[in-house]
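Each chain is listed here by its residues.
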Amino acid sequence: MSDPFGVVSELLDVAERTSLHVAPDPEELTEHGAALAHESGSDPSRRAQPQPGPDNVTTREYRHGDPMRRVHWAASAKHGQLMVRQEDPRSTRRTVLVLDTVEQHWPGERVWAGVLESTEEFEWAVGAAASVLEHLTRRETVVYALDDQGRALPRGESETAELRDTAVTDDTATEVVHGLSRVTLVKRPEPGLAEDRLAARLDREGLSHPVLLFTGKLSPEGAQRYVRATAGSASCSVVMVVDPPIARPPSADVFEAAGWSVVLVTRWTDVDAAWLAVVGGGSLMAPPPPAPGERHLSMDEMMARTRGRTTA
């Protein structure tokens, strides 16, 4: 292998096969100044705690591998060496992020994400989950990142799901984002309450923090399962990625009846727009781009397809 001008060359041994994992590229999300979900005084992560700010920042010496964005320049100048912000457990917010990997909940057209069978809707959810994960952890929020079975989302090259910690901080977010390259859809039936591993994990670890669920066009029974599993949570939001034909799924009514904030999107919806709608809910089911020569549907025509009470 050499450069185009033949100045530098390198001999590579390609006799062995290796795997290349392409991680999702997180998008920059808007800081909207609101909590991830509706505030509740019952949430132990928020009770009588100061908010992150300059008055309660603690620092420590820089260690190799610390993100440069965490360097506290004022403290570095004072101590004469690099100092980084250290999370204060009293001021750290906590939330639970759940990525639905049940194959039946993503009925869209099948595509290949490398060697993994997937759908465009699921790929949108994976990218959105990575964006939210990075956005929150950069803002002193511990994110408990789980799949629908209550297992920790993959981290880097780690293969043992049961041994992974579910808590993701700014120091470990990149590992989890890279691990999302190995998330795949799995066909499994809806669990009953007794064998629901997600409910058991939330209860066992006392995860009563606000919940954000990324799912697809699941059945009303599937929605009811998540409502039961998160019954002890302070507040819940769901982003439902709807595949064509674009229409409001009946399962959205199940979530709303249980007090969830519901955001309906398609794979053409802007991730940041969906993020901004998480707190209040809304219908952002963007249509596919028109074929050459076809007229694009107007916003009024799109809104006519959905209920007025769900529009942002």
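All values derive from a computational prediction rather than experimental measurement. (Residues numbered from 1 in each chain as written. Predicted model: local features only at pLDDT ≥ 70, side-chain atom pairs only at ≥ 80, totals over all residues. Heavy atoms only, no water.)

**Q** Is there a simple way to think about the overall build of the protein in this case?
**A** Tallying secondary structure elements over the protein gives 8 helices and 11 strands in all. The proportion of buried residues among the 312 residues of the protein is 47%. Just so you have it, the protein exposes about 16300 Å², and 53% of that area is on carbon and sulfur atoms. (Helix = DSSP H or I, 4+ residues; strand = E, 2+ residues; numbered from the N terminus. Buried < 20%, exposed > 50% of the residue type's maximum accessible area, 1.4 Å probe, protein only. Areas by Shrake-Rupley, 256 points an atom, 1.4 Å probe, with all protein chains shown as cover.)

**Q** How should the packing of aromatic side chains be read in this particular structure?
**A** The geometry of an aromatic ring pair is captured by two quantities: the separation of the ring centres and the angle between the planes. As enumerated under the stated definition, the model contains 2 aromatic pairs in all. With a centroid separation of 5.3 Å and 70° between ring planes, the pair formed by Trp106 and Phe122 is classed as edge-to-face. In this pair, Trp106 sits in the loop between strand 3 (93-99) and strand 4 (110-113) while Phe122 sits in helix 2 (residues 120-137), placing the two residues 16 residues apart along the sequence. Exposure remark for Trp106: the relative accessible area of 1% places this residue in the buried category. Arranged with centres 4.8 Å apart and planes meeting at 45°, the rings of Phe255 and Trp260 form a pair that is tilted. (Phe/Tyr/Trp six-rings, centres within 6.5 Å; stacked < 30°, edge-to-face > 60°.)

**Q** Explain helix 5 (residues 220-229) to me, please; I cannot follow it from the model alone.
**A** Since the α-helix packs 3.6 residues into each turn, any two residues three or four apart lie on the same face. When we look at burial in helix 5, the residues that qualify are Gly222, Ala223, Arg225, Tyr226, Val227 and Ala229. The inward-facing, buried residues of helix 5 contact strand 3, helix 4 (197-204), strand 8 (211-215) and helix 6 (251-257). (Contact = heavy atoms within 4.5 Å.)

**Q** Help me understand a nonpolar patch on the surface in this model?
**A** Nonpolar side chains collect at one region of the surface, where Tyr62, Met68, Trp73 and Leu82 lie side by side and expose about 410 Å² of accessible area between them. Exposure remark for Met68: the relative accessible area of 46% places this residue in the partly exposed category. (Patch = residues over 30% accessible without salt bridge, like charges linked within 9 Å, V, L, I, M, F, W, Y side chains within 5 Å. Salt bridge = Lys/Arg side-chain N within 4 Å of Asp/Glu carboxyl O.)

**Q** What exactly am I supposed to notice about the sheet that holds strand 9 (residues 236-241) here?
**A** Whenever strands of a sheet pair, they do so through backbone hydrogen bonds, lying parallel or antiparallel. In spatial order, the strands read 7-6-3-8-9-10-11; together these 7 strands make up an open sheet with mixed pairing. Every interior strand has two partners, whereas the edge strands, strand 7 (167-168) and strand 11 (282-284), have only one. Strand direction decides the pairing type here: strand 3 and strand 8, joined by 4 bridges, are parallel. What sits directly across from Val98, in strand 8, is Leu213. (Pairing = 2+ DSSP bridges.)

**Q** In this structure, what is going on with the environment of Gly108? I would like to understand it.
**A** Position of Gly108 relative to the elements: it lies in the loop between strand 3 and strand 4. Residues Gly108 and Asp243, spaced 135 residues apart in sequence, show a C-alpha to C-alpha distance of 5.4 Å. Excluding residues within four positions of it along the chain, Gly108 makes contact with Thr119, Glu121 and Asp243.

**Q** In this structure, what is going on with the pattern of salt bridges? I would like to understand it.
**A** Any two side chains of opposite charge can pair, so long as their charged atoms come close to each other. Here the structure, examined in full by the defined rule, presents 13 salt bridges. Measuring nitrogen to oxygen at the nearest pair gives 3.4 Å for the salt bridge that ties Glu134 to Arg138.

**Q** Just checking my understanding: could you explain the packing of helix 4 against helix 5 for this structure?
**A** When two helices pack together, their arrangement is given by the angle between the helix axes and the distance between those axes. At a closest axis distance of 9 Å, the pairing of helix 4 and helix 5 adopts a crossing angle of 15°. On the basis of the axis angle, helix 4 is roughly parallel to helix 5. Once helix 4 is placed against helix 5, the crossing between them reads as right-handed. For the pair helix 4 and helix 5, contact is made by Leu198, Ala199 and Leu202 and by Arg225, Tyr226 and Ala229, respectively. The residue makeup of the contact of helix 4 with helix 5, split by class, is 5 nonpolar, no polar and 1 charged. (Axes fitted to C-alpha atoms, helices over the stretch in contact; angles between N-to-C directions. Parallel < 35°, antiparallel > 145°, perpendicular 65-115°, else oblique. Left-handed = near helix turned anticlockwise from the far one by under 90°. Nonpolar A, V, L, I, M, F, W, Y, C, P; charged D, E, K, R; others polar.)

**Q** Even after reading the chapter, I still don't get the pairing of strand 8, so can you show me in this structure?
**A** Remark: a regular strand shows side chains that alternate across the two faces of the sheet. The buried fraction of strand 8 is high, at 5 of 5 residues. Of the two faces of strand 8, the one holding Val211, Leu213 and Thr215 and the one holding Leu212 and Phe214 are both buried throughout. In the sheet, strand 8 pairs with strand 9 via 5 bridges, with the strands oriented parallel. In the strand pairing of strand 9, Thr215 is matched with Met240. Assessed by its sense of winding, the connection that carries the chain from strand 8 through helix 5 to strand 9 is right-handed. (Right-handed = clockwise from strand over helix to strand, strands pointing away.)

**Q** Explain helix 2 to me, please; I cannot follow it from the model alone.
**A** Its 18 residues give helix 2 an end-to-end C-alpha distance of 26 Å, which sits within 8% of 26 Å, the value for a rise of 1.5 Å per residue. Within helix 2, 16 of the 18 residues are buried, leaving the element largely enclosed by the surrounding structure. (Expected span 1.5 Å × (residues − 1).)

**Q** Would you explain unusual backbone geometry in this entry?
**A** The phi torsion of most residues other than glycine is negative, and most of the peptide bonds are trans. Pro244 connects to Pro245 through a cis peptide bond whose omega is -5°. Looking at where Pro245 falls in the secondary structure, it is placed in the loop between strand 9 and helix 6. Positive phi outside glycine occurs at Glu140, with the angle close to 55°. Counting through the fold element by element, Glu140 comes out in the loop between helix 2 and strand 6 (141-147). On the basis of relative accessible area, Glu140 is assigned to the buried category, the value being 14%.

**Q** How should the nonpolar core be read in this particular structure?
**A** Nonpolar side chains tend toward joint burial in soluble globular proteins. Formed by 35 residues in total, the largest nonpolar core has its most connected members in Leu99, Trp124, Val132, Phe214 and Val239. For this core, the secondary-structure elements that each account for two or more residues are strand 3, helix 2, strand 6, helix 3 (173-179), strand 8, strand 9, strand 10 (261-265) and helix 7 (271-277). When residues of this core are assigned to their parent elements, the largest contribution, 10 residues, is made by helix 2. The contact partners of Val239, leaving out residues within four places of it in the chain, are Trp124, Leu212, Leu213, Phe214, Thr215, Val263, Val265 and Val278. (Core = buried A, V, L, I, M, F, W, Y, C linked by side-chain atoms within 4.5 Å.)

Keep in mind that these numbers describe shape and distance, not what the molecule does.
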